[in-house]
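Coordinates in review
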Amino acid sequence: ITHAPVVSKVYPYIKQITDFLLAQSSKEKLFTRVVGVEYPRKGIWSIGFVTGTGLKKISDGVEKKFLTVLVPTSPTPFTGFVIMVPKEETIELDITVEEALRFTVSAGVVTPAVRVTEDGSLVLPTEES
């Protein structure tokens, strides 16, 4: 099958992507942390997953540190927009990647402050907390 004309051209790239997505080592995790970014315009905040440090050519050209961020779309967080944003224009969010994924998949219904009990019901935060 790898000798088929189309498959032989595409297979190495698909294998590289699946190997990367399925990597178990923390060094090779797809998402390293969660940040807030003003995207798609100033004043509108989105959750983003840091995937890297940006392209060196751009970083060197403007003399700033950049982050490569995947801004996921709902309800499938593995699709979205890849942006490079200056590091100082991001806000580190104190939530786990898993919490951010739940937030995205649920279209914002399940926020990090919301807990899911063993029976599957949602526990919403009270106004005092």
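This structure is a prediction, so every number in the text was calculated from the model and none was measured.

**What to know about the nonpolar core**
Generally speaking, a soluble globular protein has its nonpolar side chains buried in company with each other. Counting 8 residues, the largest nonpolar core consists of V35, V37, V50, L67, V69, V71, I83 and V85. Within the residue set of this core, elements represented by two or more residues are β1 (33-38), β3 (66-72) and β4 (80-86). Ranked by residue count, the leading element in this core is β3, at 3 residues. In contact with V85, other than residues within four places in its own chain, are V37, K65, F66, L67, V69 and T90.

**Regarding unusual backbone geometry**
In this model, Y39 is joined to P40 through a cis peptide bond whose omega is 15°. Take P40: it is sitting in the loop between β1 and β2 (45-52). Residue P75 is reached from S74 by a cis peptide bond, and omega for that bond is 5°. Turning to its location among the elements, P75 is positioned in the loop between β3 and β4. Despite not being glycine, E63 shows a phi value in the positive range, around 55°.

**A closer look at the confidence of the model for the protein chain**
Counting all residues, the mean pLDDT for the protein chain is 80, and 71% of those residues have values of 70 or more. Taking the mean pLDDT of every element in the protein chain, the minimum, 60, falls on strand β6 (residues 115-116) and the maximum, 96, on strand β5 (residues 90-92).

What counts, and at which threshold
Numbering of residues begins from 1 in every chain and follows the order in which that chain's sequence is written. Reporting of local features is limited, given that this is a predicted model, to residues whose pLDDT is at least 70; pairs of side-chain atoms are given and counted only at 80 or more, and all residues count toward the totals for whole chains, interfaces and linings. The basis for the side-chain values is all heavy atoms of the structure; hydrogens and waters are excluded. For our purposes a nonpolar core is just a set of buried Ala, Val, Leu, Ile, Met, Phe, Trp, Tyr and Cys residues, chained together by side-chain atoms within 4.5 Å. Categorising residues by exposure relies on relative accessible area from a 1.4 Å probe, with only protein chains included: less than 20% of the type maximum marks a residue as buried, more than 50% marks it as exposed, and the intermediate range marks it as partly exposed. To qualify as a helix, a DSSP run of H or I must reach at least 4 residues; to qualify as a strand, a run of E must reach at least 2; elements of each kind are numbered from the N terminus. Residue contacts are defined here by distance: any two heavy atoms, one from each residue, within 4.5 Å place the two residues in contact. As a per-residue measure, pLDDT tells how confident the predictor is, with possible values from 0 to 100.

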